[in-house]
Each structure stands twice: as C-alpha cells, then as structure tokens.
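Structural overview for review
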Amino acid sequence: MDANFWHQRWSKNEIAFHEGKANPYLIGYFKDLSLAKGSRVFVPLCGKTLDIPWLLSNGYRVAGAELSQIAIEQLFSELGVKPKIERVGELDRYSADNIDIFVGDIFHLSNEILGTVDGIYDRAALVALPQEMRDRYTTHLIQITKNAPQLLVCYEYDQSMINGPPFSIQNDEVRKHYSNHYHLNLMETREVPGGMKGKCPAKENVWLLKNL
C-alpha cells in the first residue's frame, strides 16, 4: 500500500470512493452479525465513511483505523464532535463518546491498543490493498480483533482491464484468506451499475463471516 497515494488523494479531495450515504449492504446485512446494541464494531481503513454515523445512530460503538489525518479530521467535523487526541504507540487515537479512530499505519495497531472488538465491517480495506499485501492484512486483522465476526464487501471484475484500487477480490481468494477461521456465507452478488469506473463489468459480493 503506497501511503503517499492515499495521502495525495485526500489532500486533493480526490475521494470518489467516498459514498454520500450509508452503504445499503451495511443497512441490509449488519443485523446478520447478531451483535447486541452497545457492541464495538471495527471499521478498517474507514476514511470519513457515513457508515460510521449510521452505526453510532443505531446504538453501536465504533473503532476505526485510517491512514489519513485529513479524513479523520473531516469525519469528526461532520459528526459535530471535538475529539480527544493522544499518541498511542506509533498511532494517534482520536476519541469521543462511543468512537475511537486510530490514525496511521494499520499494521502498527495491536490488539492491546485496539481493545475489545465484537464485529468487523470491511467495505473499503481488503479491496484497497494490492494482492501482495492482502495475506498480511487478513492475518493481522484476525489477530488484532481476536477473530471477530465480520461483514465483508468485495468487488469482482477483470483486473487485466483496469487497475485498482479498488482491487478485484475473487471468491476463491476470500475463502483462501478466511475459511480456516470462519464459516463463510456469500449473502448477495449484485452487478455494479455502469461497471467498474465505467470501463468493465463488475460485481459486488457481500460476505458474512461467522466464527467456526
């Protein structure tokens, strides 16, 4: 993952990946994680996603990890909340009621720093990473969350026709990363309207990963 790439995208406000509303798959399938209100949900590589206020408004606590300080300053500004900021290891933790966001390299985030996680919502992390980093990421995610169940959203398309991110994650790759740790259930597959960046057909796959 080229940190400079993401820093430049945020500094130039080139954030077409940022959705203007809560993701419909989150709204439709989050209940299938069977998490009680007050559970703590980890959102890796979260940006300033509107999925976070949706989770908060529905009674959940949120933890997140994000490389860009700009994104998290905008997130808290849009939440209308002034965060407490403190240095924790090699990360900055932005905290307020029911929310903790760790700013910096997610691979510097440990379970001890992150704390208890009851569930994971990954719409933007796995698909943001090139293939050579995804093994490391999935292993790290399982370790720092102690194998918490997750809702995972992936794109699938002909990677030879267009460069990521978002990258294409084939179903077999999802199984390779996670089948030793979870029961995997492919909840829905849907065509992406207009394809991937208007250049090739694409699908979104929604996975529910429950503990073995």
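What counts, and where the lines are drawn
Residues numbered from 1 in each chain as written. Predicted model: local features only at pLDDT ≥ 70, side-chain atom pairs only at ≥ 80, totals over all residues. Heavy atoms only, no water. UniProt positions renumbered as here; feature names shortened; annotations may be inferred. Salt bridge = Lys/Arg side-chain N within 4 Å of Asp/Glu carboxyl O. Helix = DSSP H or I, 4+ residues; strand = E, 2+ residues; numbered from the N terminus. Buried < 20%, exposed > 50% of the residue type's maximum accessible area, 1.4 Å probe, protein only. Contact = heavy atoms within 4.5 Å. Expected span 1.5 Å × (residues − 1). Pairing = 2+ DSSP bridges. Axes fitted to C-alpha atoms, helices over the stretch in contact; angles between N-to-C directions.

- If you check an unreviewed UniProt entry, the protein chain appears there as Thiopurine S-methyltransferase from Leptospira tipperaryensis.
- What UniProt states about the protein chain under its Sequence similarities (unreviewed entry) heading is, verbatim, "Belongs to the class I-like SAM-binding methyltransferase superfamily. TPMT family."
- The protein chain has a UniProt comment under Subcellular location (unreviewed entry) that states "Cytoplasm".

1. Here's the deal with the pattern of salt bridges
- Applying the stated rule across the entire model yields 10 salt bridges.
- With a shortest N-O distance of 2.8 Å, K176 and D135 are connected by a salt bridge. Separated by 41 residues along the polypeptide, K176 in helix α7 (residues 171–178) and D135 in helix α6 (residues 131–145) bring together distant segments of the chain.
- Exposure remark for D135: the relative accessible area of 42% places this residue in the partly exposed category.

2. A few points about the environment of P201
- Counting through the fold element by element, P201 comes out in the loop between β8 (182–191) and β9 (202–211).
- Note on P201: relative accessible area 62%, which makes it exposed.
- In this view, P201 contacts Y157 and G195; residues no more than four positions away in its chain are not counted.

3. Examining α6
- Here α6 spans 22 Å end to end across 15 residues, near enough to the 21 Å set by a 1.5 Å rise per residue.
- Summarising the contacts, the buried residues of α6 are in contact with β1 (40–44), α5 (111–114), β6 (119–122), β7 (150–157), α7 and β8.
- Looking one or two places after α6, you find K146, whose phi comes out positive at around 55°.

4. Looking at the sheet that holds strand β2 (residues 61–66)
- Reading across from one edge, β3-β4-β5-β2-β1-β6-β7-β9-β8 is the order of the nine strands in this open sheet, with mixed pairing throughout. Edge strands, defined here as strands with exactly one partner in the open sheet, are β3 (84–88) and β8. Neighbour to neighbour, the strand axes of the sheet diverge by 20° on average, direction disregarded.
- Looking at chain direction, strand β4 (residues 91–96) and strand β5 (residues 99–103) are connected through five bridges and run antiparallel. If you follow Y94 over to β5, its bridge partner there is I101.
- The sheet contacts of helix α4 (residues 69–79) involve β2, β4 and β5, and relative to β5 the element is tilted by about 160°.

5. Observations concerning the pairing of β4
- Here five bridges tie β3 to β4, and the two strands are oriented antiparallel to one another. Opposite K84, over in β4, you have S95 as the bridge partner.
- Where β3 folds back on β4, the antiparallel hairpin that results is connected by two residues, among which G89 adopts a positive phi of roughly 60°.
- Taking the residues that link successive antiparallel strands as the turn, the β4-β5 hairpin has two residues, and the phi of N98 there is positive, at about 70°.

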